[in-house]
Amino acid sequence: MTEQTQSTQYDQVLEVLDKLRPFLQRDGGDVELVGIEDGIVQLRLQGACGSCPSSTITLKAGIERALVEEVEGIIEVVQVF
């Protein structure tokens, strides 16, 4: 993947996260993009989302689904601590 393609993918991921962020913030949380490597997005859940028992569901069913659907080349989302 070229550097420009990576940059575009990074920007697209940020755009999707910005759409989802208000829902997380409403529940006292947030999300930080740590990096993208080989189609795997690394995210850090913050605030209430970091310690919420439903954070895995939020990450996989919500955030991952949106990113895989909207950003070409994204195959998975993982949480980093």
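Our subject is the structure that appears above.
Predicted model, so just to flag it, every value in this text is computed and none were measured. (Residues numbered from 1 in each chain as written. Predicted model: local features only at pLDDT ≥ 70, side-chain atom pairs only at ≥ 80, totals over all residues. Heavy atoms only, no water.)

Some remarks on the pairing of strand S1 (residues 29-37)
Looking along a regular strand, one sees the side chains alternate between the two faces of the sheet.
Consideration 1: With eight bridges connecting them, S1 and strand S2 (residues 40-47) associate as antiparallel partners. Note that in S2 the partner of glutamate 37 across the bridge is isoleucine 40.
Consideration 2: If you look at the hairpin formed by S1 and S2, you'll find two residues sitting between the two strands, and aspartate 38 has a positive phi there, around 55°. (Pairing = 2+ DSSP bridges. Helix = DSSP H or I, 4+ residues; strand = E, 2+ residues; numbered from the N terminus.)

So, the sheet that holds S1
Consideration 1: Reading across the sheet, the three strands line up as S1-S2-S3 and stay open at both edges, with mixed pairing between neighbours. A strand with exactly one partner marks an edge of an open sheet, and here the two such strands are S1 and strand S3 (76-79). Adjacent strand axes in the sheet meet at a mean angle of 30°, parallel and antiparallel pairs treated alike.
Consideration 2: Here S2 runs beside S3; their pairing, made up of four bridges, is parallel. Bridge pairing links isoleucine 40 to glutamate 76 in S3. (Axes fitted to C-alpha atoms, helices over the stretch in contact; angles between N-to-C directions.)

As for the layout of surface pockets
Consideration 1: If you add up the space inside the largest pocket, you get close to 200 Å³.
Consideration 2: Taken together, 13 residues line the largest pocket, and the ones lying closest to its centre are Phe23, Leu24, Asp27, Cys49 and Thr58.
Consideration 3: Of the residues assigned to the lining of the largest pocket, the class counts are eight nonpolar, four polar and one charged. (1 Å grid on protein atoms, 1.4 Å probe; cavity = no way out; pocket = protein on both sides within 12 Å on 5 of 7 lines; lining within 4 Å. Points joined across faces, edges and corners; volume = space filled by probe spheres on them. Nonpolar A, V, L, I, M, F, W, Y, C, P; charged D, E, K, R; others polar.)

Description of the state of the cysteines
Linking two cysteines covalently through their sulfur atoms gives a disulfide.
Consideration 1: One pass over the full model with this rule turns up zero disulfides.
Consideration 2: Cysteine 49 forms no disulfide, and the closest cysteine sulfur to it belongs to cysteine 52, at a distance of 6.5 Å. (Disulfide = S-S within 2.5 Å.)

Notes on unusual backbone geometry
Consideration 1: Phi at aspartate 38 is positive, roughly 55°, even though this residue is not glycine.
Consideration 2: Along the chain, aspartate 38 turns up in the loop between S1 and S2.
Consideration 3: Judged by relative accessible area, which is 69%, aspartate 38 ranks as exposed. (Buried < 20%, exposed > 50% of the residue type's maximum accessible area, 1.4 Å probe, protein only.)

Details of the pattern of salt bridges
Consideration 1: Counting across every chain of the model gives seven salt bridges.
Consideration 2: The salt bridge partner of glutamate 70 is lysine 19, with a shortest N-O separation of 3.1 Å. Of this pair, glutamate 70 sits in helix H3 (residues 55-70) while lysine 19 sits in helix H1 (residues 3-26), and the two are 51 residues apart along the sequence.
Consideration 3: By relative accessible area, glutamate 70 is classed as partly exposed at 43%.
Consideration 4: The exposure class assigned to lysine 19 is partly exposed, which follows from its relative accessible area of 46%.
Consideration 5: One connected set of salt bridges, linked through shared partners, spans Asp18, Arg21 and Asp30. (Salt bridge = Lys/Arg side-chain N within 4 Å of Asp/Glu carboxyl O.)

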